[in-house]
Amino acid sequence: MSKKLRNFLIGLIIILLILGVGGNLFYKNWLKNNVPRSFPQVDGKITIEGLDAPVEVYRDEMGIPHIYASTLHDLFMAQGYVQAQDRFWQMDSWRHIGSGTLSEMFGDAQVETDAFLRTLGWKQTAEAEYASAVGNEKLMLDAYAEGVNAYLDGRSGTELSLEYGVLALLNADYVPEPWTPVNSLTWGKAMAWDLRGNMGSEIQRAILLKTLSPKLVEELYPPYPADHPVIVPEIGENVALTESASFTGIENTAATSMLEKVNTNFALLDGLLGPTGAGIGSNSWAVAGSRTTTGMPILANDPHLGIQMPSIWHQIDLRCMPLSEECPYESTGFSFPGVPGVVIGHNANIAWGFTNTGPDVMDLFIEKVNPDNPDQYEYQGEWVDFETRTEIINVGGGDPVEITVRSTGHGPVISDTYGPLKDTDIDEDEEAFKDKAGVDLPENYVIALGWTALEPGSVFEAIWGFNNAENWEEFRQAASKFHVPAQNLLYADVEGNIGYQMPGTIPVRKNGDGRYPIPGWTGEYDWIDTIPFEELPYVLNPQSGFIATANNRVPSFDYEHFITDDWAYGYRAQAIVEMLEDAPEKMDIAYMQKMQGDGKNLNAQTLIPLLGQIALEGDLVERYTLLSTWDLQNDMDSAPAALFAVYWKNLLDLTFHDDLPEDYYPEGGSRWFEVMRNITPDQNHFFWDDKNTEETETRDEIFAKAFEMAVAEIEELQGQDSADWNWGKLHTSTFENSTLGQSGVVLIENLFNRGPYPTAGGQSLVNATGWDPIDGYIVDWLPSMRMIIDLSDLDNSLTVHTTGESGHADHQHYTDMVDLWRNIEYYPMYWEQDSIIGYSEAHLTLVP
């Protein structure tokens, strides 16, 4: 939100306070008159121009729409209409992110963000994708846009959503434009950025080389642990899931000191789209019928994304009725508001889930600029003109801003639009950088981004394929069209098969592995190909009877192609595999629910015994007993879970804060679990010594001091009596509207935000409710939905997402899922029409 808007709103609130009772009455009347205006009609009939025939929309007791239409056009038109009913503000703000036009809504505070988004060129890529769309892919996009626009027709302001009433206080001229198919496509680019993989690590490694040796930097980014599971140890069908050979090592390339504060603009997008990192990901597993009580597979999935209000997902059920060759569609599950079709879910024959693969599909290229002509860069000994385009950023309440976007053969020049990456001379750290990175930086240079998502793809062709696949072969064919963001695709079907496929456009590099920024002018590190789909990892019906993914390493260590070295470190995967291996002989839905709620802390399993070897004194001995008798579960009411979290935060502080720049303090996820596990055997490792003292500290001294600090902190936070200590009260979830909900104006935030809610789980646990030690213990990312599909009886499937189906503040379905979600409870994922109609709370007919 712009400073101008914030100051205006604060001034308005001050006036209302001065007015006292009268101001309070005005505020309450404004809410009373405006809050319900956007609540959608869900019963009766609505006439919509453009439909071929009537469409039936049943909403179940959670407000989930089940849509029945006789033509594909009507089905997707109705989906657009219904999602606009529930979530149009969310759709509108997201499309402004995707197209780099946030300033049109929120004023000059968003110009820098828009400039970066325009540089990436998501809209241009989406336009190219739409221009090449044909057949059902184009039909989905066009019909969906028709449906959204049918809902917009004749509605404005708070009739669409309460947020527009607040926005009108400053930007009264803002009127949502008609929806276009490109708006749906740009959101795919936003998600690709959100799930972008390792570019943050690439930048951090380069910056850390300025103060740490290459050996120490690599210790902070260790290899994937050989004792943790990989997803596909052996590619093929009916293979044994056995452990593979040793790790092959890490190759170091180059870095640049220009990246000192590169993450500043990344943080701007992370504030809109949610945080990223190796600890953030998802869980999924499929269990074969040989290991279930029903004799048929069960598939479970819970994608982890940033906490927000409303939920990032919109649950939807789409059915052709009757099914025919012309209208073959029947699929239910989860979509993103603004996106046609079902992204994750099941049809009558198959079920599928996603977790992020996190391949290295981004490289930062250092481009040498001609000192005599800044419009040229060098490539393989020749000066080449930058490609340029002009972008006009329209600013609500202000004057337009013009920027020039430059691109090289590797990609857009992002240092033009990153405040910290302006095209300046090399700073005083250049010589130190050269010594450590082994690269002579040119006198004048810029940084270009190579990223597979900037090439047009066909993601909606893949979604259409998933939604309509009847078997493994058709599912794999659809997966071959899924280019970015690369996902771990989990599969199960009603014939009893379970499978896994990794899709995606993964670059093959001439040299190097993308771990550091690289010279672009030589051509030595160019991308020369992509890994053929036929050679990407997959498995069908493994002998173990299960497949588990948790953003951990996909292939065996001897796999022929490079995907990334920056996997999540397998702690969640290890916990999942242990539960599957130790499960009852036959598993059921209830066991899957228990698994999704598991809070076993494998980091505590490593560190608590080491703390117990130290001679603690006084009250610390009793406090340690709390940890030594803990079952390691991060339950909501757990005292030892609270104590250990505070200990972990202080241990990271004492161990690493004196050695790292403040922007790169540990965020505490699985990478730091592994770093700590690797350095604990050495009592005198470099990182144990506190550089702020004259003494040389050892591991045991740091462990003891961190525990002493932790006990003092939790006693201050929750009292002297450990019976009052409670993890859920520390670890709370507040669901914030990503725009107005972060305005800094309490009355406005309270309109849209909900919480705090006590929450179980934690970082890199199966119940992955993340928190950052720098920011305290509050939840910043989470399982954005949980889904369990019973392939023996699809009507027996269960699900939940985080907040509610509605995006309208104070609607009955705005927060009715929160307590279910945080208590690991579920509601039915109805499939049979009799169940849907029988449990419906509303029935709407859309008529031509």
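None of these values were measured; they are calculated from a predicted model.

Participant: Explain the side chain of Ser 764 to me, please; I cannot follow it from the model alone.
Facilitator: With respect to the secondary-structure elements, Ser 764 resides in the loop between strand S26 (754-758) and strand S27 (781-783). In terms of polar contacts, Ser 764 uses its side chain to reach the backbone amide nitrogen of Ser 670, at 2.9 Å.

Participant: Sorry if this is basic, but what is going on with the pairing of strand S15 (residues 401-408) here?
Facilitator: Within a regular strand, the side chains alternate between the two sheet faces. Relative to S15, strand S14 (residues 387-393) runs antiparallel, the two being bridged by 7 bridges. Bridge pairing in S15 places Glu 387 opposite Ser 407. Relative to strand S16 (residues 411-412), S15 runs antiparallel, the two sharing 2 bridges. Directly across from Ser 407, in S16, lies its bridge partner Pro 412. Hairpin geometry of S15 and S16 is characterised by an intervening segment of 2 residues between the two adjacent antiparallel strands.

Participant: Looking at this structure, I do not really get the sheet that holds S15. What am I missing?
Facilitator: Across a sheet, paired strands are connected by hydrogen bonds in the backbone, their directions being either parallel or antiparallel. With antiparallel pairing, 3 strands are arranged side by side in an open sheet as S14-S15-S16. Looking at strand neighbours, the two that pair on one side only are S14 and S16, the edges of this open sheet. Along the sheet, helix H5 (residues 111-120) makes contact with S14, S15 and S16, crossing S14 at roughly 145 degrees.

Participant: Sorry if this is basic, but what is going on with the packing of aromatic side chains here?
Facilitator: Aromatic ring pairs are reported here in terms of the distance separating the ring centres and the angle at which the planes meet. Scanning the entire structure with this criterion turns up 41 aromatic pairs. For the ring pair Trp 472 and Phe 475, a centre distance of 6.2 Å and an interplane angle of 25 degrees mean the geometry is stacked. Pair noted here: Trp 472 and Phe 475 are both in helix H15 (residues 472-479), with a separation of 3 residues, about one helical turn. Ring pairing ties together the aromatic residues Trp 352, Phe 354, Phe 466, Trp 472, Phe 475, Phe 482 and Tyr 491, which thus form one cluster. Above the ring of Trp 831, the side-chain terminus of Arg 319 is found at 3.7 Å from the ring centroid.

Participant: I tried to follow the nonpolar core on my own but got confused; where do I start?
Facilitator: Across soluble globular proteins, nonpolar side chains show a tendency to be buried alongside one another. The biggest cluster of nonpolar side chains holds 236 residues, and the ones touching the most others in it are Leu 220, Trp 451, Phe 466, Trp 648, Phe 656, Phe 707 and Leu 846. Setting aside residues no more than four positions away along its own chain, Trp 451 makes contact with Trp 122, Lys 189, Ala 192, Trp 193, Val 361, Met 362 and Trp 527. Residues Val 111, Ile 393, Val 395 and Val 405 belong to the second largest nonpolar core, which totals 6 residues.

Participant: Hey, could you run me through the state of the cysteines in this one?
Facilitator: Counted by the stated rule, this structure contains 1 disulfide. Here Cys 320 connects covalently by a disulfide to Cys 327, the sulfurs 2.0 Å from one another. With the S-S bond torsion at -80 degrees, the cross-link from Cys 320 to Cys 327 turns out left-handed. Across the pair, Cys 327 and Cys 320 agree in class, each one buried.

Participant: Help me understand the packing of helix H6 (residues 122-132) against helix H9 (residues 181-194), please; the structure alone is not making it clear to me.
Facilitator: Between two packed helices, what matters for the description is the angle formed by their axes and the separation of those axes. Between H6 and H9, whose axes approach to 8 Å, the crossing angle comes to 125 degrees. Judged by the angle between their axes, H6 and H9 are oblique. The two elements H6 and H9 cross, and the hand of that crossing is right-handed. Between H6 and H9, the contacting residues are Trp 122, Lys 123, Thr 125, Ala 126, Glu 127, Glu 129 and Tyr 130 on the first element and Pro 181, Val 182, Leu 185, Thr 186, Lys 189, Ala 190 and Trp 193 on the second.

Participant: When you look at the side chain of Arg 476 in this model, what are you seeing that I'm missing?
Facilitator: Within the secondary structure, Arg 476 sits in helix H15. Looking at Arg 476, its side chain comes within polar contact range of the side chain of Gln 501, at 2.6 Å.

Participant: Please explain helix H7 (residues 135-152) as it appears in this structure.
Facilitator: An α-helix turns once every 3.6 residues. As a result, residues three or four positions apart point the same way. With 18 residues, H7 should reach 26 Å at 1.5 Å per residue; the first-to-last C-alpha distance of 26 Å fits that figure. Within the sequence span of H7, burial applies to Glu 137, Met 140, Leu 141, Ala 143, Tyr 144, Ala 145, Gly 147, Val 148, Tyr 151 and Leu 152. Against helix H3 (72-99), H6, H9 and helix H14 (459-468) lie the buried residues of H7. Gly 154 lies just past H7 and shows a positive phi near 85 degrees.

Participant: How should empty space enclosed by the protein be read in this particular structure?
Facilitator: Per the counting criterion, the structure on display carries 9 cavities of 30 Å³ or more. Looking at the largest cavity, its volume works out to about 330 Å³. Here the lining of the largest cavity is built from residues that sort into 18 nonpolar, 8 polar and no charged.

Participant: Could you clarify how one ought to interpret the packing of helix H19 (residues 619-628) against helix H22 (residues 699-718) in this entry?
Facilitator: Where H19 contacts H22, the two axes come as close as 11 Å, and the packing angle between them is 85 degrees. As summarised for this structure, H19 and H22 are arranged roughly perpendicular, according to the angle between their axes. Facing Leu 620, Arg 623, Tyr 624 and Leu 627 of H19, the residues of H22 in contact are Phe 707, Glu 708, Val 711 and Glu 715. Across the contact of H19 with H22, the residue classes break down as 5 nonpolar, no polar and 3 charged.

Participant: Looking at this model, I keep getting lost on unusual backbone geometry. Mind explaining?
Facilitator: The phi torsion of most residues other than glycine is negative, and most of the peptide bonds are trans. Cis rather than trans, the peptide bond between Met 321 and Pro 322 has omega equal to 5 degrees. A cis geometry characterises the amide bond from Val 484 onward to Pro 485, with omega recorded as -10 degrees. Of note, Pro 485 is situated in the loop between H15 and strand S18 (487-493). One non-glycine residue with positive phi stands out, namely Asn 541, at about 50 degrees. Residue classification places Asn 541 among the partly exposed positions, given a relative accessible area of 24%. Residue Asn 551 is not a glycine yet carries a positive backbone phi of 65 degrees. Of note, Asn 551 is situated in the loop between strand S24 (546-549) and helix H16 (571-581).

Participant: Can you walk me through the confidence of the model for the protein chain in this structure?
Facilitator: The predicted coordinates should not be examined in detail at positions where pLDDT is low. In this model, the protein chain carries an average pLDDT of 90, and 89% of its residues clear a pLDDT of 70 or more. Residue range residues 240-258 is modelled with pLDDT below 50. Its contacts to residues more than four positions away, or to other chains, number 73 contacts. Note on residues 418-438: pLDDT is under 50 here. Beyond four places in sequence and across chains, it has 58 contacts.

What counts as what
- Residues numbered from 1 in each chain as written.
- Predicted model: local features only at pLDDT ≥ 70, side-chain atom pairs only at ≥ 80, totals over all residues.
- Heavy atoms only, no water.
- Helix = DSSP H or I, 4+ residues; strand = E, 2+ residues; numbered from the N terminus.
- Polar contact = N/O pair within 3.5 Å; in protein donor to acceptor, adjacent residues only side chain to side chain.
- Pairing = 2+ DSSP bridges.
- Contact = heavy atoms within 4.5 Å.
- Axes fitted to C-alpha atoms, helices over the stretch in contact; angles between N-to-C directions.
- Phe/Tyr/Trp six-rings, centres within 6.5 Å; stacked < 30°, edge-to-face > 60°.
- Lys NZ or Arg CZ within 6 Å of the ring centre and 35° of its normal.
- Core = buried A, V, L, I, M, F, W, Y, C linked by side-chain atoms within 4.5 Å.
- Buried < 20%, exposed > 50% of the residue type's maximum accessible area, 1.4 Å probe, protein only.
- Disulfide = S-S within 2.5 Å.
- Parallel < 35°, antiparallel > 145°, perpendicular 65-115°, else oblique.
- Left-handed = near helix turned anticlockwise from the far one by under 90°.
- Expected span 1.5 Å × (residues − 1).
- 1 Å grid on protein atoms, 1.4 Å probe; cavity = no way out; pocket = protein on both sides within 12 Å on 5 of 7 lines; lining within 4 Å.
- Points joined across faces, edges and corners; volume = space filled by probe spheres on them.
- Nonpolar A, V, L, I, M, F, W, Y, C, P; charged D, E, K, R; others polar.
- pLDDT = per-residue confidence, 0-100.

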